[in-house]
Amino acid sequence: IIQHGQPEHSVITTCAYCGVGCSFKAEMKGNQVVNMTPNKDGHANHGHSCVKGRFAWGYATHKDRITTPMIRDNISDPWKEVSWEEAVAYAAKRFKEIQAKYGKDSVGGITSSRCTNEETYLVQKLVRAAFGNNNVDTCARVCHSPTGYGLKQTLGESAGTQTFDSVMEADVIMVIGANPTDGHPVFGSQMKRRLREGAKLIVVDPRRIDLVKSPHIKADYHLKLRPGTNVAVANALAHVIVTEGLVNEAFVAERCEPKEFEAWREFVARAENSPEELEAASGVPAKQLREAARLYATGGNAAIYYGLGVTEHSQGSTMVLAIANLAMATGNIGRQGVGVNPLRGQNNVQGSCDMGSFPHELPGYRHVSDNTARTLFESAWGVSLSNEPGLRIPNMFEAALDGTYKGLYVEGEDIAQSDPNTQHVTSALEAMECVVVQDLFLNETAKFAHVFFPGSSFLEKNGTFTNAERRISPVRKVMPPLAGKEDWEVTQMLSNALGYPMNYSHPSEIMDEIARLTPTFHGVSYDKIDAMGSVQWPCNEDAPDGTPIMHIEQFVRGKGKFFVTRYIPTDEKVTPKFPLILTTGRILSHYNVGAQTRRTNNSAWHPEDVLEIHPHDAEDRGISDGDWVGIQSRAGETVLHAKITDRMQPGVVYTTFHHPFSGANVITTDNSDWATNCPEYKVTAVQVMKVTQP
Ligand code: SF4
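- An unreviewed UniProt entry lists the protein chain under the name Formate dehydrogenase major subunit, from Novimethylophilus kurashikiensis.

Below you can see the structure in the form of structure tokens.
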């Protein structure tokens, strides 16, 4: 796969893995990639890279790639290879038949944060204009949908507030439910540089992640909470800030809504929110909570970085609101070195949300019931659009099992592996009459598909990704698509076959349309991206060169809005039958469900998911390091090797989700965030027992 020899030319492109969005030079010999060399001029990575972006791109030409479209009448039939034209016509015919029989709302689409902005924009346009409904969702549903909700409500924009470089001016760094050295390695290294320079560190995590203690770095506070108690911890921190007079009164008076602030102040000051009251629930000593709150509020520039350990909870959205409350109360927003910074797991989580792939929002986060916005799109697209929010991913599954949702177009997302409660998901897929999968490989979801459209990797197409700091970066084609089509071309063909015409000749034309119709993108174009290397939105008449730091003089919504964030324990309780809590995360060498990294040399470094368990819990169960253990939850059961480690706290076990055979999502439940349905991946009550063999 990796060609050796002297490169003849290079192409600047962007890593297809995590939300750091590192810039690379793809060094080429003919049509073959020789090297992926980190780009010194890359604004997000400044010439740095990690083992994924630098070495794990060989999946693009792996022998498992499917390069010919395929169809079958039933999922028990063998696949039949056909031409693009036949496959597209077949899919369109089946979707039309379903809509004729069950109504226009009986079909929809799911796009992925691995897709480019342009691809995602086209999928949501196809669903809205060709299917005629709003049944479009993205895999951000299962990761950062609470971020979109919470930051829009409090600050006015569904995005992080800073650049990555801003961390170099932070005096206090609070990392909540994120593991940047594994999940966002290049930014994790930058954060470590700042910590070595003397910045203080507060880690809020049930597990002892590397940042807590690594060479030359030791967290000042590790708030080792029980999974599911984030909001209790945030409220305890807020209680100390309010009751000890640490609120930045001048900032709040000038920048925030007074009525909501006073309601929040009164709420968090109550004794029920004191560290002493919440110590038992959270498992964090009150003294630590008090000292950490004082450090965050008085230690200079204080920045919060958070990840899926915040969002993937039944109170995920509440916790995002609580984080914004803390930043506003202490005035830590609107300048370098501070802010609220969601660390996005995938390369284009931010972009997939920006592009309107939510069932309630058009591109640019405008609600489908917003008449002005909808009229703008109706006029540009020449169709009338529904003002009713469509189905979210979990609602699609429920509707499929109810018999009202029958057809699904899914691009770049392996829902059968990545969504919770696998049994429920696969039953829903089986109940559908037409599932169209567009992907590089025959993934788990494709087992339930009637049409397979071969996808194109990031090396085979043009487009853009938007990273966690709102940076729109170029994705540039370095080799022809193996299957002959770029993903956006396939969506366009399907739309045309469905009867809604699209005739873009290049993704730059799609971006031009996005820019025309989206106020925060008015100034974005391929010419600008190529000239500047990348650009951070908002990029428009007010900010022609983009916006590194948001909310400087006022919040996007005008005044910042506080929310009362009551701690409500999750319904997922431990019991004598399920006495341990399972939580999940990532490892450096792999990426999400592993479809890409498992097909590279990285697979040798971490060939399987394992269950991390505290020595006391292991001893209680007679488990030795390396034993097979059965893990049983209310949803299902799986088997993994045990790894005994005091990284874990007693009562909490941990695994990753990079391998399909480990079936982590077989055991996760249907619980989800109250506002967005983001699954509660981070809290599953389980029992763990030694078993002889899987
Ligand atoms: Fe950069 Fe993330 Fe790619 Fe690593 S995986 S090279 S940190 S974008």
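From this point, the discussion proceeds with the structure in view.
Some thoughts on the site of the ligand
Next up, step 1: Inspection of the region around the ligand gives 14 residues, with C15, C18, C22, C50 and G53 positioned closest.
Next up, step 2: Listed by contribution, the elements that provide at least two residues to the shell around the ligand are α1 (51-55) and α6 (185-196).
Next up, step 3: In terms of residue class, the shell around the ligand is made up of 8 nonpolar, 5 polar and 1 charged.

Thoughts on the pairing of strand β2 (residues 23-29)
When a strand is regular, its side chains alternate between the sheet's two faces.
Next up, step 1: Sheet topology places strand β1 (residues 9-14) next to β2; 6 bridges connect them, and they run antiparallel. Paired with T14 across the strands is S23, a residue of β2.
Next up, step 2: The sheet contact formed by β2 and strand β3 (residues 32-38) spans 6 bridges and is antiparallel. Bridging from a neighbouring strand, E27 pairs with N35 of β3.

Regarding the environment of M319
Next up, step 1: Relative to the elements of secondary structure, M319 occurs in helix α13 (residues 316-329).
Next up, step 2: We classify M319 as buried; it has 27 C-beta atoms within 10 Å.
Next up, step 3: In sequence terms M319 and T229 are 90 residues apart; their C-alpha atoms lie 9.5 Å from each other.
Next up, step 4: When sequence neighbours within four positions are dropped, the list of residues in contact with M319 reads N230, V231, A234, V310 and H313.

Let's talk about the domain arrangement of the protein chain
Next up, step 1: Taken as a whole, the protein chain is organised into domain 1 (9-61), domain 2 (70-143 + 348-536), domain 3 (145-342) and domain 4 (580-690).
Next up, step 2: Each of domain 2 and domain 3 has a C-alpha centre, and these two points are 34 Å apart.
Next up, step 3: Opposite the 9 residues of domain 2 that make contact, domain 3 presents 13 residues.
Next up, step 4: Taken together, the residues of the side of domain 2 that touches domain 3 break down into 5 nonpolar, 1 polar and 3 charged.

What to know about the sheet that holds strand β13 (residues 302-306)
Next up, step 1: A sheet is described by the order of its strands in space; here 5 strands give the open sequence β12-β9-β8-β13-β14, paired in parallel fashion. The sheet is open, and its two borders are formed by β12 (221-223) and β14 (339-342), each paired with just one other strand. Ignoring which end each strand starts from, the neighbouring axes of this sheet average 15° apart.
Next up, step 2: Where strand β8 (residues 172-176) and strand β9 (residues 200-204) come together, 5 bridges link them in parallel fashion. Opposite V172, over in β9, you have K200 as the bridge partner.

Quick word on the sheet that holds β3
Next up, step 1: Pairing is antiparallel across the open sheet formed by 3 strands, whose spatial order is β1-β2-β3. Sheet topology places β1 and β3 at the edges, where each strand pairs with a single neighbour. Neighbour-to-neighbour, the strand axes of this sheet turn through a mean angle of 30°, independent of strand direction.

Rules used throughout
Residues numbered from 1 in each chain as written. Predicted model: local features only at pLDDT ≥ 70, side-chain atom pairs only at ≥ 80, totals over all residues. Near = placed C-beta within 6 Å. Helix = DSSP H or I, 4+ residues; strand = E, 2+ residues; numbered from the N terminus. Nonpolar A, V, L, I, M, F, W, Y, C, P; charged D, E, K, R; others polar. Pairing = 2+ DSSP bridges. Buried ≥ 20, exposed ≤ 12 C-beta atoms within 10 Å, placed from the backbone. Contact = placed C-beta atoms within 7 Å. Domains from an automatic or database assignment. Axes fitted to C-alpha atoms, helices over the stretch in contact; angles between N-to-C directions.

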